[in-house]
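Residue-level listing of the chains:
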Amino acid sequence: MERRAADPRSRAAGSAPNKQHPTGAQTLAAVARELGSRVRVEEGALAGLPAAERRWAGGGVHLLDYGARYSHAGHATELAPKVWAALVRPWFEEVS
């Protein structure tokens, strides 16, 4: 089971295979399909974040697929601090 990011509007997922469940990347693609026209494929990187392999955005929601660029541990040690600084902290400051 994937852990949720502190900001419920953002997710990062990898492509590690899992024989019982879809990968994080497959799950993000399914979420984007379900959201339909409420999200769109975006190009480039969000400010302060490395470019994702695939990115969907709309209505303040960001779905970021980094594929195999980060290891499972790397999502926590390398990517999470960047997501926190670029998306989560500014969101908390805005709503506080």
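The text that follows walks through the structure, step by step, so that each part is easy to find. (Residues numbered from 1 in each chain as written. Predicted model: local features only at pLDDT ≥ 70, side-chain atom pairs only at ≥ 80, totals over all residues. Heavy atoms only, no water.)

Thoughts on the pairing of strand β4 (residues 61–67)
Burial within β4 is extensive, with six of its seven residues counted as buried. Here strand β3 (residues 54–58) runs beside β4; their pairing, made up of five bridges, is antiparallel. From the neighbouring strand, A57 faces β4, where its bridge partner is H62. Counting the residues in the hairpin turn of β3 and β4 gives two residues, including G59, whose phi is positive at 60°. (Buried < 20%, exposed > 50% of the residue type's maximum accessible area, 1.4 Å probe, protein only. Helix = DSSP H or I, 4+ residues; strand = E, 2+ residues; numbered from the N terminus. Pairing = 2+ DSSP bridges.)

Here we look at the packing of aromatic side chains
By the definition in use, this model includes three aromatic pairs. When the centroid spacing of 5.6 Å and the interplanar angle of 80° are considered together, the rings of Y66 and Y70 count as edge-to-face. Ring pairing ties together the aromatic residues W84, W91 and F92, which thus form one cluster. (Phe/Tyr/Trp six-rings, centres within 6.5 Å; stacked < 30°, edge-to-face > 60°.)

Regarding helix α2 (residues 72–95)
Taking 1.5 Å of rise per residue, the 24 residues of α2 would be expected to cover 34 Å, yet its terminal C-alpha atoms sit only 30 Å apart, more than 12% below that figure. Burial in α2 covers these residues: G74, H75, L79, V83, L87 and V88. (Expected span 1.5 Å × (residues − 1).)

So, the nonpolar core
Of all hydrophobic cores here, the largest spans 10 residues; its members are L46, L49, A52, L64, Y66, Y70, L79, V83, L87 and V88. At the level of secondary structure, the elements contributing two or more residues to this core comprise β4 and α2. It is α2 that provides the largest number of residues to this core, a total of four residues. Those residues in contact with V83, other than ones at most four positions away along the chain, are L49 and V88. Grouped together as the second largest cluster of nonpolar side chains are six residues, A29, V39, W56 and L63 included. (Core = buried A, V, L, I, M, F, W, Y, C linked by side-chain atoms within 4.5 Å. Contact = heavy atoms within 4.5 Å.)

Side note on the pattern of salt bridges
Under the criterion given, the structure shown has two salt bridges. A salt bridge links E42 to R40; its shortest N-O distance comes to 2.8 Å. Of the residues examined, E42 reaches a relative accessible area of 22% and is grouped as partly exposed. Among the salt bridges present, the one from R54 reaches D65, with a minimum N-O distance of 3.0 Å. (Salt bridge = Lys/Arg side-chain N within 4 Å of Asp/Glu carboxyl O.)

Some details on the environment of V41
Assignment of secondary structure puts V41 in strand β2 (residues 40–41). Assessed through its relative accessible area of 58%, V41 is described here as exposed. Other than its neighbours up to four places away in sequence, V41 contacts R55 and W56.

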